[in-house]
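Remarks on the overall topology
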Amino acid sequence: MGVYGYKKKKTKAELLKAVDNCKSIDQLFALVQHEEINMRMHTLPGASNIPPKRLEIRSFKPGTTYLDRLKAAVRLTVEMTK
């Protein structure tokens with residue numbers, strides 16, 4: 001018998017669809033936490049001695065929201081890891 005309230009982890013396709021369906025940043029963060037998606041921070045070069053992984057801001061269209069940018073980062077992580 002499983003743990004009360006526990007649901008089976010989503011497949012890659014289900015995760016990508018769930019990311020697209022998120023309507024707010026808090027929904028997206030809850031999904032990341034519940035599905036235990038491990039993401040790396042994007043940093044400025046002087047913030048640490050770890051080589052930075054820069055997010056290309058130029059690749060986004062003008063008027064792109066922070067939610068859209070976060071969704072893109074989560075999608076990329078899901079596509080690369082699962």
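Residues numbered from 1 in each chain as written. Predicted model: local features only at pLDDT ≥ 70, side-chain atom pairs only at ≥ 80, totals over all residues. Heavy atoms only, no water.

Describing the side chain of E35
Note the following rule: Where helices and strands are cited, they refer to DSSP runs of H or I of at least four residues and of E of at least two residues respectively, numbered from the N terminus. With a 1.4 Å probe rolled over the protein chains alone, any residue whose accessible area is under 20% of its type maximum counts as buried; one over 50% counts as exposed, and the rest are partly exposed. As used throughout, the charge tally considers Lys and Arg to be positive and Asp and Glu to be negative, leaving His and the chain termini uncounted. One speaks of a salt bridge when a side-chain nitrogen belonging to Lys or Arg is within 4 Å of a carboxyl oxygen belonging to Asp or Glu. Counted as a polar contact is a pair of N or O atoms within 3.5 Å, where, for protein atoms, one must be capable of donating a hydrogen and the other of accepting one, and residues adjacent in sequence contribute only when both atoms are in side chains. It only takes one pair of heavy atoms within 4.5 Å for two residues to be counted as in contact.
Within the element layout of this structure, E35 appears in the loop between α2 (25-34) and α3 (66-81). Of the side chains with opposite charge, K10 lies nearest to the buried E35, which makes no salt bridge, at 4.1 Å. Polar contacts involving the side chain of E35 include one to the side chain of H34, which spans 3.4 Å. Setting aside chain neighbours within four positions, we find E35 in contact with K9, K10 and L15.

Structural notes on the nonpolar core
What tends to happen in soluble globular proteins is that the nonpolar side chains get buried as a cluster. Stated formally: Remark: nonpolar core denotes a set of buried residues (Ala, Val, Leu, Ile, Met, Phe, Trp, Tyr, Cys) joined through side-chain atoms within 4.5 Å.
Counting residues in hydrophobic clusters, the biggest one holds 12 residues: L15, L16, A18, V19, C22, L28, L31, V32, I37, L67, V74 and V78. When residues of this core are traced back to their parent elements, those giving at least two are α1 (12-21), α2 and α3. In terms of residues, this core owes the most to one element, α1, which gives 4 residues. Among residues more than four places away in sequence, those in contact with L28 are V19, C22, L67, L70, K71 and V74.

A closer look at the confidence of the model for the protein
Spelled out, the test is: The pLDDT value tells you how sure the predictor is about a given residue, anywhere from 0 up to 100.
With 67% of its residues at a pLDDT of 70 or more, the protein shows a mean pLDDT of 78. Ranking the elements of the protein by mean pLDDT puts α3 last with 89 and α1 first with 94.

Quick word on unusual backbone geometry
For E36, which is not glycine, the phi dihedral falls at a positive 55°. Relative to the helices and strands, E36 is located in the loop between α2 and α3. Note on E36: relative accessible area 63%, which makes it exposed.

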